[in-house]
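A structural walkthrough
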Amino acid sequence: MVASLAALMSVYSLSLLPPRLEPRGLQIAGAFTRISLDRPRPLMSDRLATDGDYHTLRDRTVLLGTLMTSQPAMRHIARRAGIDANRIAGVTRITADVPATITEPDSEQRANDIIELARPYRLEVQPDPQTPTLLITTQAPTVAEAQRLADAAAPGLEDYRLELARRRDAVDEPALRIEQLGRARGAVLNAGAKVVIAGLTFAFVFAIALAGLALAMRLRTARSAGIGEDGADPGEPAGRGEAPADTARTRGGALRPVFDPSLAISPAMPGLPIAVGPGGAVASPGGMRVAARERAAARGEISSRAGDWPHTTRVLPWLVAIMLAVVWLVPFNVVTLSVSLPIDVTFDRLVLPVLVAVWALAIAAGGRYAPRLRLTPIHLAIAAVVAVACLSLVVNARALNHALELELGVKKLTLLVSYLSLFVVVASVVRRSEVAAFLKYTLALAVVCALGMIWEYRFKYNIFYAWSDQLLPGIFEVGSAESEAVDDMGRRIVRGPAQIPLEAVAMMAMALPVALVGLIRSSRAGPRLLYALATALLLAATVSTYRKSAFVAPISVVLTLAYFRRRELIRLAPLGLVILVLMHVLSPGAFGSIVSQLSSDRLNAPTVSDRTADYDAVRPDVWAHLMFGRGYGSYEHTSYRLLDQEFLRQLIEVGVVGVAAYLLMIGSVVAVARRPIRLRRPADAPVALVAAAGAVAFAVISLLFDVMSFPHAPYIFLSMAALLAAAMAPQPRNDGERSWSS
Amino acid sequence: MELVAIARVLTRRWRSVAAGALIAVAIAALAAPGAQTKPSAVAEVKVLVDTRGSRTVNLADGAEAIATQANLLAQAVLGDEQRDALARAVGVRSNDLDISVSSTIPPPRPSTLAEHVAKVAGAPVRPYRLELIVSSDVLIVTVRATAPTINDALRLSDAAATLMNVIAVARAPSWSRGLVVQPLGTVTARPLPATGNERLLAIAVALAAFVLWCGAVVVLPAIVRLVGSYGVPAPGAGPSTARSRASSSPTG
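Residues numbered from 1 in each chain as written. Chains lettered and ligands numbered in written order. Predicted model: local features only at pLDDT ≥ 70, side-chain atom pairs only at ≥ 80, totals over all residues.

**Some words on the overall build of chain A**
When helices and strands are counted, chain A shows 26 helices and 14 strands. Counting the 742 residues in chain A, one finds 45% classified as buried. Once local pairs closer than 6 in sequence are excluded, the contacts in chain A between residues at least 24 apart make up 76%. (Helix = DSSP H or I, 4+ residues; strand = E, 2+ residues; numbered from the N terminus. Buried ≥ 20, exposed ≤ 12 C-beta atoms within 10 Å, placed from the backbone. Contact = placed C-beta atoms within 7 Å.)

Written out as structure tokens, the structure reads:
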């Protein structure tokens, strides 16, 4: 009811006196036309016309186009269109052939744009860079008004020219011919916006209300549980409805999972953890029961381990493995279906829905092999990110609709949900006993990726793009890698399966902890050698991108590991030197090139100055929507600025609250990982170390580029966080009991 | 193993699955005839923008800005008078004719508004379409006409080529200094029959509907039970009665 009411209020305005329900003016219409300029004696069909003539004519067209959106000219256009001039925003776009960074709006321009955006009518003029023509685009609440405004542009400009001529007493002088090329064509631009706004509002309010209700029910159940327990016989055998073995009751009687650090090795079952009391003995009857249940669970674990991935017939872990292989080895973001569909279907959007659908069906169908949903602090933090993103869109829905950016925001929100669904699926599908296998698998994929990148660096051949093109059926279109290309600073573009080199750096940096933790933990020479080789390959691949970030990201990983395991890392120092030499051998010249980029005389490179220029330029956007931002996913870099920092993008799009949620998401991984790391439990300390270092690397990378815009890195970060969540989850019961089933 | 559990649920609820299959078949049957589009035809002719003395055979004939002029001549066809003239030539109403000029030159970075307007308002929706494709390097304009019949398409492309020449002559400062627009070869036309893709699409839609239906058959009862499991416990009942209802029910 609440959600329906909120949805209704989002598209209708309700007044009490008199009682009335009126639809909000959400419709946006647009129209376009072209204006051609020529000399009084036309050049269009004159064989003696020269390029110089047209160059001059184009310059004049740009001048007139710019004047057209000035206040005096806009008055004439508004009068012709029959619209109040103060309600029309006029913009002339720069189309000169200059680098995009020059045309990016600065803070003054953005401040002006934000004010102009509030006006209901808009006239945009875009000079054609090739011909002396102007593209006129208009926006208005109705199609008729939009067409009228567009059709008024040419006569309004002519009126303005005449006024100028009269003022300068030059009416009889030859003037440019202003000719409109056809009546304006218009249409409604946001058909379905009402449904989107109402649907988004409903979904958000419903989800929040549902979460609130679930919390209330949980508290209520917990309170009732406290009363029930008082009257229960402690020696009574456990029934179907009792709490699982791995939960305990809080002082208030609430059920809570036990993350007991005092898990010890059972004499009866060496190698398997069971719960023992603080004194090492199981003293109380309740404790006896817990111990017995733990032993039963342990027996169950023995039997279940036989079915652990990769030695399992369960489909879901295999689907997860396929998805991880796609993430690590396929340039999925440039692999698209060559079929005309309303959405861009990239390769991951074909694989992930299958995984999610099978997962949802398996949960609903139930059975002992069904995934188990377990709530961890990481889940809550990730839910907060989605909730804030959704809230930012709901709060700004009308403004975004007016700026025609709502659709984009909703698309990006869907993308965010798809990232996060991988987390939820992996965290519930992967068993605690499978985490180690999945970590090794991740490392193997990362090493293959690193080998491919080194190959690309040395032989200028991107195997990921080339093989994807060859192996995938013709219905897929694969982008090109251009491995021989260099950027503005003359650096080679080595990107592996990623879209840009920085994304590849992020991938390697997040895989590095797996190799380093393996190196720290392995005591035998063979595995240690293999992990050292993997580390060298990952580092060599990272530096092969020629990016300064290739130093920063791995250093953050090493520092994080040093914080938790400094003695072990110091012991590895001699091996580190060997790895550095090996890295140099694998990617010769790359290391030195990055070092030279860090010299003081080269630190004012465009990559640095562009980043620093962003801080000032985005101030108006930040201050205009400080708390919840302008709406998730709505700051399109092609329309505004290319932001080279994820935190900055988050600040603009989801505000201070969104940045806090984003930090919470990363911080929750470190926070959850801290305890097992400190306790050095062999079962979960390695994955905790990997996830914590990966999370810190992800945070550092978020300072270096807009990491969430490139899907490889978020997928990898969230899959590692999910493995940590799986490792931290309570032990599953052996009786196949589940939280819900069909 | 999970698939076995899903299959068991579907087997147990075979009546619902069968109903879904019938609905999917109905969807396919309904979608297939509607998906068939009217057959149309496309005619194409390339025209060369040249000087009277032919710049292609006489290097001294100047006209260094002719590429820009070819582009402008194509754009001149967008005018209202020109549209009316073309419509008259084909014998259709002016409102039934779409004219667009596209270029092989990469367009400048469009604004959000311009992009939306071009996509929605600029989309060809009328039965008669004329597309003029210009290039920055070659002085050849491709005239492509789409119409319900081959004859209409031929007439439209022919009329467009003639109209471009008329504009060139009319806008020339003098006969000798003017440009000419001449067709390169004859107009080629071919029918665009309705392909089998529509039928495939109908089958795909039906299949998707059936899969979604089966998904709903498995998921919805589970959601109902989950919601039911959060019901208020009966007075005097144990703390986890509500929860146990969900877990004690037979899986699937």
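**Points about the overall build of chain B**
When its secondary structure is counted, chain B shows eight helices and five strands. Listed by position from the N terminus, the elements making up chain B come as α-α-β-α-α-β-α-β-β-α-β-α-α. Split into buried and exposed, the 252 residues of chain B put 34% on the buried side. In chain B, once contacts between residues fewer than 6 apart in sequence are set aside, the share between residues at least 24 apart is 73%.

**What about the pairing of strand E3 (residues 128-134) of chain B?**
Side-chain positions along a regular strand alternate between the two faces of the sheet. Residues and elements named next belong to chain B. With respect to burial, E3 is a largely interior element, six of its seven residues being buried. Here strand E2 (residues 97-103) runs beside E3; their pairing, made up of seven bridges, is parallel. Bridging across to E3, Leu97 finds its partner in Tyr128. Note that E3 and strand E4 (residues 140-147) share five bridges and pair antiparallel. Paired with Leu130 across the two strands is Ala145, which belongs to E4. (Pairing = 2+ DSSP bridges.)

**What to know about the nonpolar core**
Core analysis: the largest hydrophobic core is formed by 258 residues, its most contacted members being Ala691, Leu723 and Leu724 of chain A. Sequence-distant contacts of Ala691 of chain A, defined by excluding residues within four places in its chain, comprise Val669, Ala673, Met720, Ala721, Leu723 and Leu724 of chain A. (Core = buried A, V, L, I, M, F, W, Y, C linked by C-beta atoms within 7 Å.)

**Comments concerning the sheet that holds strand E1 (residues 40-51) of chain B**
Residue and element names in this part refer to chain B. Spatial strand order, E2-E3-E4-E1-E5: five strands in an open sheet with mixed pairing. A strand with exactly one partner marks an edge of an open sheet, and here the two such strands are E2 and strand E5 (179-192). Neighbour to neighbour, the strand axes of the sheet diverge by 15° on average, direction disregarded. Across the sheet, helix H4 (residues 80-90) touches E2 and E3, and the angle it forms with E2 is around 120°. The sheet contacts of helix H6 (residues 150-170) involve E1, E3, E4 and E5, and relative to E5 the element is tilted by about 170°. (Axes fitted to C-alpha atoms, helices over the stretch in contact; angles between N-to-C directions.)

**Regarding the packing of helix H25 (residues 685-704) of chain A against helix H26 (residues 712-728) of chain A**
All names here are of chain A. With their axes 9 Å apart at the nearest point, H25 and H26 run at an angle of 150° to one another. With respect to each other, H25 and H26 are oriented roughly antiparallel. Considering only the axes of H25 and H26, their crossing is left-handed. Facing H25, whose interface residues are Val687, Ala688, Val690, Ala691, Gly694, Phe698 and Ile701, H26 presents Ala713, Phe717, Met720, Ala721, Leu723, Leu724 and Ala727. Looking at the contact of H25 with H26 residue by residue, the classes come out as 13 nonpolar, one polar and no charged. (Parallel < 35°, antiparallel > 145°, perpendicular 65-115°, else oblique. Left-handed = near helix turned anticlockwise from the far one by under 90°. Nonpolar A, V, L, I, M, F, W, Y, C, P; charged D, E, K, R; others polar.)

**Let's talk about the packing of helix H9 (residues 315-329) of chain A against helix H10 (residues 348-365) of chain A**
All names here are of chain A. Look at H9 against H10: their axes get within 10 Å of each other, and the N-to-C directions meet at 160°. The pairing of H9 with H10 is recorded here as roughly antiparallel in orientation. Classified by chirality, the crossing of H10 by H9 is left-handed. Facing H9, whose interface residues are Val315, Leu316, Leu319, Val320, Ile322, Met323 and Val326, H10 presents Asp348, Val351, Leu352, Val354, Leu355, Val358, Trp359 and Ala362.

**Focus: H25 of chain A**
When the terminal C-alpha atoms of H25 of chain A are compared, their 29 Å separation across 20 residues agrees well with the 28 Å that a helix rising 1.5 Å per residue should span. Most of H25 of chain A is tucked away, with 19 of its 20 residues classed as buried. (Expected span 1.5 Å × (residues − 1).)

**Thoughts on the environment of Val424 of chain A**
Residue and element names in this part refer to chain A. Topologically, Val424 is positioned in helix H13 (residues 406-429). Overall, the presence of 20 C-beta atoms within 10 Å leaves Val424 in the buried class. For the pair Val424 and Asp46, spaced 378 residues apart in the sequence, the C-alpha separation amounts to 68 Å.

**A closer look at the confidence of the model for chain B**
Residues and elements named next belong to chain B. Model confidence for chain B is summarised by a mean pLDDT of 80, while 80% of its residues fall at 70 or above. Within chain B, the lowest mean pLDDT, 39, falls on helix H8 (residues 241-248), and the highest, 92, falls on H6. Per-residue pLDDT stays below 50 along residues 234-252; that stretch engages in 47 contacts with residues further than four places along the chain or on separate chains. Interface scoring of the predicted complex returns ipTM 0.79; its pTM is 0.82. (pLDDT = per-residue confidence, 0-100.)

**Comments concerning unusual backbone geometry**
All names here are of chain A. Pro310 follows Trp309 through a cis peptide bond whose omega is 5°. Of note, Pro310 is situated in the loop between helix H8 (285-305) and H9. Not every positive phi belongs to a glycine, and Tyr546 is a case in point at roughly 65°. Here Tyr546 shows up in the loop between helix H17 (525-543) and helix H18 (549-564). On the basis of neighbour count, Tyr546 is assigned to the buried category, with 24 C-beta atoms found within 10 Å.

**So, the confidence of the model for chain A**
All names here are of chain A. Per-residue confidence for chain A averages 84 on the pLDDT scale, and 86% of its residues sit at or above 70. For the stretch residues 229-288, pLDDT sits under 50, and the model shows 90 contacts to residues farther than four places along the chain or on other chains. Per-residue pLDDT stays below 50 along residues 734-742; that stretch engages in 31 contacts with residues further than four places along the chain or on separate chains.

**Let's talk about the environment of Ile343 of chain A**
All names here are of chain A. Residue position: Ile343 is located in the loop between strand E13 (335-337) and H10. When the 9 C-beta atoms within 10 Å are taken as the criterion, Ile343 is described as exposed. Remark: the alpha-carbon pair of Ile343 and His311, spanning 32 residues in sequence, is separated by 38 Å.

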